[in-house]
Each structure stands twice: as structure tokens, then as C-alpha cells.
Amino acid sequence: MTLMSLTADQTVEALRATGEPTRLRVLSLLSGEELSVMELSRILDQSQPRVSRHLKLMTDASLIERFPDGARVFYRLSSDPLARRLIDTVLDLLDASANEADDRRLEEVRRDREAAAGAYFERIAPQWDRIRSLYVCETAVEAAILAAAGEGPFERVVDLGTGSGRMLTLLGKKATMSLGLDLSQNMLNIARANVTKAGLDKVELRHGDIFSTRLPPQSADLVLVHQVLHYLADPAAAVAEAARLVMPGGRLLIVDFAPHTLEHLREEHQHRRLGFADEEMRRWLSEAGLVSSAPIALPPDTEGLTVSIWTAERPAVAKASAA
């Protein structure tokens, strides 16, 4: 059911769905980020079938949303405003220390996830551009990115998860200044070498977190998130942070994979999500205050992955008419 408005029966159903200790723990965990069944089972220290029964009950009550991603299933809190009001009210009543053990185990899951991803990126940094182009013609992707970005010139370009700095070298000559953030120092070192080789001197490279960039709001007229979201535990939060940086009249470009079923990318290349649907991306961009353009799909020449480019703009501030 969709909670456009709550009848008495719907209210009772929703309250029943929250009225059990494990389900309250799940809601508290999902208030922080989306999690897979496997991760929830580990954190709750319960079997997957038992956790799945709780999840089904809460999904049926529209408190949480289930979304398959390849062979895995992830859960997040409902996007329905009335459901979120009810959840927030219930969680506000809980003792903040009630789920300390769950919070510790969630941190362990995050640390393991980050350690695996960090080790991967440090290991493959020297081969990153080659690996990135395994599944689609990179020349076609970059031509589409240039077209979607527009002619410029740009006052400030920000590349989140800059990796080897390829987006900076691709667009840097059109920008007054550019900034690239990445969590991998090894990647940043490679980006510095590539930027220098390209003859770009107005580029700043920083060690930074895509979820908390610490950059001023609405401070860039072009923001890029290139092949980053599929590694993240909370891609919606990363989209929101990227959108926060876009100035009025500015543009956000997100480049990533369309939905696919190549499960081996999880283990071999640390992918967390197997692509993103246009509808999902459009919703995240709209919730962040941006207006989306039609997405661009770039299928591979042979069997493999389709690359999608999503473009969105922050509406320009209308100039006040002269008195």
C-alpha cells in the first residue's frame, strides 16, 4: 500500500509492524543507510530467514522499501512522507543508547566494507583507466560527457571521486579552476601526475569524502560524479551532497552503469550496486532540488555494460525587474 493518507486500519497496521524489538532495531539501522539482508543478518546476529520475515512484514506495511540488485536484496526506509513521519516519531522515542551493540556491529560492517574497497583501489590504481574502459568504448563515453557538460567556459569544476583525474584533464581547459576529491592517496598521486602532464595548473586535488565534501554550498557550475556511485553504501546521499554544490544555473553530471546482472563485479571489483535505473536517479535528483534532462544511454558494442549519463541543473535565480 502507498500511504497517501493514513486510515485507522493503516495506522494500526503500521504500528503493529514497528511494535517488536527486532523490527525497531531494523528501522534504526536503516535510518542511517540502505543495507542488504546479509548485512542486517550479521548486525542483528540473527539468521537470514528470520530477518527476512521481519523485513517482509515491514515492507507490507510500507515502512521500508525492498529493491533487488542482481542476486542481492537491499532495504531502505520508505520514501513516503507519512511513513517517514511515523518512523521518525517512533525512533525519537527510543533511548539513544538502546541499540549501541547494533551500532558497533554496523561500524564493523562499514569498516570491513571500506577496508576491502580501499585495498582494491590502492591495488588497481595504476591500471584504473584500463579497467574503467573494459566494458564500453571510453572514447564514446567521453564524447557524450563533453556534449552533456556544454561548451563552457566554467567558473569552477568539481569532480567527486576523481580517481586518476581523467575528468579533470578532459574538462579542465574549459574551467577557470578545477577541484578533484578522492579518498585514495594513491589515486590522488596518479591524478596529480596526469594533471601536470596535461599542462593544467589551476587544479586542486584534495583528500576528501564524497558524503561530506566540506565545500561551500552552490559553489560550482559543473559537478561530476563519474563511475563512483556503484561503489557506495548510500548513493542517494552522495547525489544529495553533489547537488548541494551546484550553483544556480549550474549542472551536475552523473556517469554510471545502467542496471545489469554481472555479479562477479562485486567480488572482483568491489561494486556494491549493479547499476541504477533512470527512475531512481531522477527521483534522487529531484529530491535534491535539481531539474533532470533526458538520460543518455551508451550500450557497448558487444555484450557487457551500458553506461548511463544523467544530467540535472539547478534553476537559475530570476533577476528582479527594475523598479
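Just so it is clear, the model here is predicted, and its values are computed rather than measured. (Residues numbered from 1 in each chain as written. Predicted model: local features only at pLDDT ≥ 70, side-chain atom pairs only at ≥ 80, totals over all residues. Heavy atoms only, no water.)

Q: Please explain the environment of Ala71 as it appears in this structure.
A: Mapped onto the secondary structure, Ala71 falls in the loop between strand S2 (64-69) and strand S3 (72-77). Between the alpha carbons of Ala71 and Glu263 there is a distance of 7.0 Å; along the sequence they are 192 residues apart. Once residues lying within four places of it in the same chain are set aside, the contact partners of Ala71 are Glu263 and Arg266. (Helix = DSSP H or I, 4+ residues; strand = E, 2+ residues; numbered from the N terminus. Contact = heavy atoms within 4.5 Å.)

Q: I'm lost on helix H5 (residues 81-93) in this one. Help?
A: Residues lying three or four places apart along an α-helix face the same way, a consequence of the helix completing one turn every 3.6 residues. Taking 1.5 Å per residue as the helical rise, H5 with its 13 residues ought to reach 18 Å, and the 19 Å between its terminal C-alpha atoms agrees with that figure. Within H5, the full set of buried residues consists of Ala83, Leu86, Ile87, Val90 and Leu91. Projected onto a plane normal to the axis of H5, the buried residues spread over an arc of 125° and lie on a single side. Away from the buried face of H5 by more than 90 degrees, exposed residues Pro81, Arg85, Asp92 and Leu93 are located. Where H5 is buried, its residues contact helix H1 (8-18), helix H2 (21-30) and S3. (Expected span 1.5 Å × (residues − 1). Buried < 20%, exposed > 50% of the residue type's maximum accessible area, 1.4 Å probe, protein only. Arc of directions from axis to C-beta.)

Q: Quick question: what am I supposed to make of the pairing of strand S8 (residues 246-257) here?
A: Side-chain positions along a regular strand alternate between the two faces of the sheet. With 9 of 12 residues buried, S8 lies mostly within the body of the structure. Pairing geometry for strand S7 (residues 220-226) and S8, over 6 bridges, is parallel. Of the residues in S8, the one forming a bridge with Leu222 is Arg251. As for the winding sense of the linkage, the β-α-β connection from S7 through helix H11 (residues 235-244) to S8 is right-handed. By the bridge criterion, 7 bridges tie S8 to strand S11 (residues 307-313) in an arrangement that is antiparallel. Its bridge partner being in S11, Arg251 is matched across the sheet by Glu313. (Pairing = 2+ DSSP bridges. Right-handed = clockwise from strand over helix to strand, strands pointing away.)

Q: Please clarify how the layout of surface pockets should be interpreted in this entry.
A: If a probe the size of a water molecule is rolled over the atoms, the empty space left behind becomes visible. Reported here for the second largest pocket is a volume of approximately 420 Å³. Residue lining of the second largest pocket: 20 residues in total, with Arg76, Arg84, Asp234, Ala236 and Trp284 positioned closest to the centre. Looking at the lining of the second largest pocket, the elements with two or more residues in it are S3, H11 and helix H13 (278-287). By residue number, the principal contributor to the lining of the second largest pocket is H11, which donates 4 residues. When its residues are assigned to classes, the lining of the second largest pocket shows 8 nonpolar, 4 polar and 8 charged. (1 Å grid on protein atoms, 1.4 Å probe; cavity = no way out; pocket = protein on both sides within 12 Å on 5 of 7 lines; lining within 4 Å. Points joined across faces, edges and corners; volume = space filled by probe spheres on them. Nonpolar A, V, L, I, M, F, W, Y, C, P; charged D, E, K, R; others polar.)

Q: I'm lost on the pairing of strand S6 (residues 203-207) in this one. Help?
A: Here 5 bridges tie strand S5 (residues 175-182) to S6, and the two strands are oriented parallel to one another. Bridging across to S6, Leu181 finds its partner in Arg206. With helix H10 (residues 185-197) bridging S5 and the parallel S6, this β-α-β connection has right-handed handedness.

Q: I keep staring at empty space enclosed by the protein and nothing clicks. Help me out?
A: A full pass over the atoms with the stated rule returns 2 cavities of 30 Å³ or more. Looking at the second largest cavity, the residues that line it are Asp278, Arg282, Leu285, Ser292, Ser293, Pro295, Trp310 and Thr311. Going through the elements one at a time, H13 and S11 are the ones with two or more residues in the lining of the second largest cavity. No other element matches H13, which puts 3 residues into the lining of the second largest cavity. Of the residues belonging to the lining of the second largest cavity, the class tally is 3 nonpolar, 3 polar and 2 charged.

Q: Sorry, what's going on with the packing of H2 against H5 here?
A: Geometrically, a packed helix pair is captured by the angle between its two axes and the distance between the axes. Between H2 and H5, the least distance of the axes is 11 Å, while the angle of their chain directions is 105°. Between H2 and H5, the interaxial angle falls into the category roughly perpendicular. When H2 is examined against H5, the residues Leu24, Leu27 and Ser28 are found in contact with a partner set consisting of Ile87, Val90 and Leu91. Within the contact of H2 with H5, the residues separate by chemical class into 5 nonpolar, 1 polar and no charged. (Axes fitted to C-alpha atoms, helices over the stretch in contact; angles between N-to-C directions. Parallel < 35°, antiparallel > 145°, perpendicular 65-115°, else oblique.)

Q: Is there a simple way to think about unusual backbone geometry in this case?
A: Residues apart from glycine generally show negative phi values, whereas peptide bonds are mostly found in trans. Of note, the bond from Gly152 into Pro153 is cis; its omega dihedral lies within 30 degrees of zero at 0°. Within the element layout of this structure, Pro153 appears in the loop between helix H8 (138-149) and strand S4 (154-160). We note that Gln218 has phi near 50°; this positive angle belongs to a residue other than glycine. Within the secondary structure, Gln218 sits in the loop between S6 and S7.

Q: Which parts of the structure should I look at to understand the pattern of salt bridges?
A: A side chain of one charge can pair with a side chain of the opposite charge when the charged atoms of the two come close. In the structure shown here, the tally under the stated rule is 17 salt bridges. Across the pair Asp102 and Arg105 runs a salt bridge, and its minimum N-O distance is 3.1 Å. Placement of both Asp102 and Arg105 in helix H6 (residues 100-124) is noted, with a separation of 3 residues, approximately one turn of the helix. The partner of Arg166 in a salt bridge is Glu142, and the shortest N-O contact between them spans 2.8 Å. Of this pair, Arg166 sits in helix H9 (residues 166-171) while Glu142 is found in helix H8, placing the two residues 24 residues apart along the sequence. Residues joined in a network through salt bridges with shared partners are Glu34, Glu65, Arg76, Arg273 and Glu280. (Salt bridge = Lys/Arg side-chain N within 4 Å of Asp/Glu carboxyl O.)

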